[in-house]
Amino acid sequence: MPESSLAPLIVIDLQTGMFDGRFEPPIHDAEGIVARARAVIDWARESGRKVAFIRHDGPQGDPLAPGASGWPVWPELGQADDEPTFGKRVGDAFSNEALGEWVAGQGAGAVILLGAQSDFCVAATLKGAMERGLGVTVVSDAHSTLDTPAESAAAIIARHNAAFEEAGAKLATAATLSGR
């Protein structure tokens, strides 16, 4: 797969507010998500891939609003100084044209996605990438969400993995990609 050999990693909305429990409970399997995301981030760097972080910019008063305590990228992910952060105000990270330009600048026809939330921003970003003709690999065990009154987070994640695959995305586990 030559086109995916340069596929950059896009880390979606793994912000402090998803983990610190101050405003909402942490995302499902928060510690596991961090460990697996960290393994994939390290693998991406070691394999010469670029890594970008997406940060949701919520409205004023929201825990993910610019400057709010929940807004920064979660420090445990170890974002490097040369790894860009792209803000967004809607689910699809590609709504920020600078992300699309950055991906195009990598010379890749594909991206690798992980992050939060499975049923919102991860799903919307996958759709946005595909609409732009990009191949997509989703790290199936490194995206997460919150329980809803009707469905557990684990069920939501499983349902979305099936939907992602049905939509044409490839699924890979963190261990398959990283060898860890």
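The shown structure was predicted, so the numbers you read here are calculated from the model rather than taken from an experiment.

### A word on the overall build of the chain
For the chain, the helix and strand inventory stands at 5 helices and 6 strands. The C-alpha radius of gyration computed for the chain amounts to 15 Å, which stays within 12% of the reference 16 Å derived for 180 residues, consistent with globular compactness. Seen through its C-alpha atoms, the chain measures out along the principal axes to roughly 45 × 30 × 30 Å. When the accessible surface of the chain is split by element, carbon and sulfur atoms take 53% of a total near 8,200 Å². Between the mean site of the 14 positive side-chain charges and the mean site of the 24 negative ones, the chain shows a separation of 3 Å.

### Some remarks on helix H4 (residues 153-166)
When the terminal C-alpha atoms of H4 are compared, their 20 Å separation across 14 residues agrees well with the 20 Å that a helix rising 1.5 Å per residue should span. Turning to H4, its buried residues are Ala-153, Ile-156, Ile-157, His-160, Asn-161 and Phe-164. Mapping the buried residues of H4 onto a view down its axis gives an arc of 135°, with all of them on the same face. Residues of H4 that are buried make contact with helix H3 (118-131), strand S5 (135-144) and strand S6 (170-172). Of the residues trailing H4, Gly-168 is marked for its positive phi of about 110°.

Rules behind the numbers
Residues numbered from 1 in each chain as written. Predicted model: local features only at pLDDT ≥ 70, side-chain atom pairs only at ≥ 80, totals over all residues. Heavy atoms only, no water. Helix = DSSP H or I, 4+ residues; strand = E, 2+ residues; numbered from the N terminus. Rg over C-alpha atoms; globule rule 2.2 N^0.38 Å. Areas by Shrake-Rupley, 256 points an atom, 1.4 Å probe, with all protein chains shown as cover. Lys, Arg positive; Asp, Glu negative; His and termini not counted. Charge placed at Lys NZ, Arg CZ, Asp CG, Glu CD. Expected span 1.5 Å × (residues − 1). Buried < 20%, exposed > 50% of the residue type's maximum accessible area, 1.4 Å probe, protein only. Arc of directions from axis to C-beta. Contact = heavy atoms within 4.5 Å.

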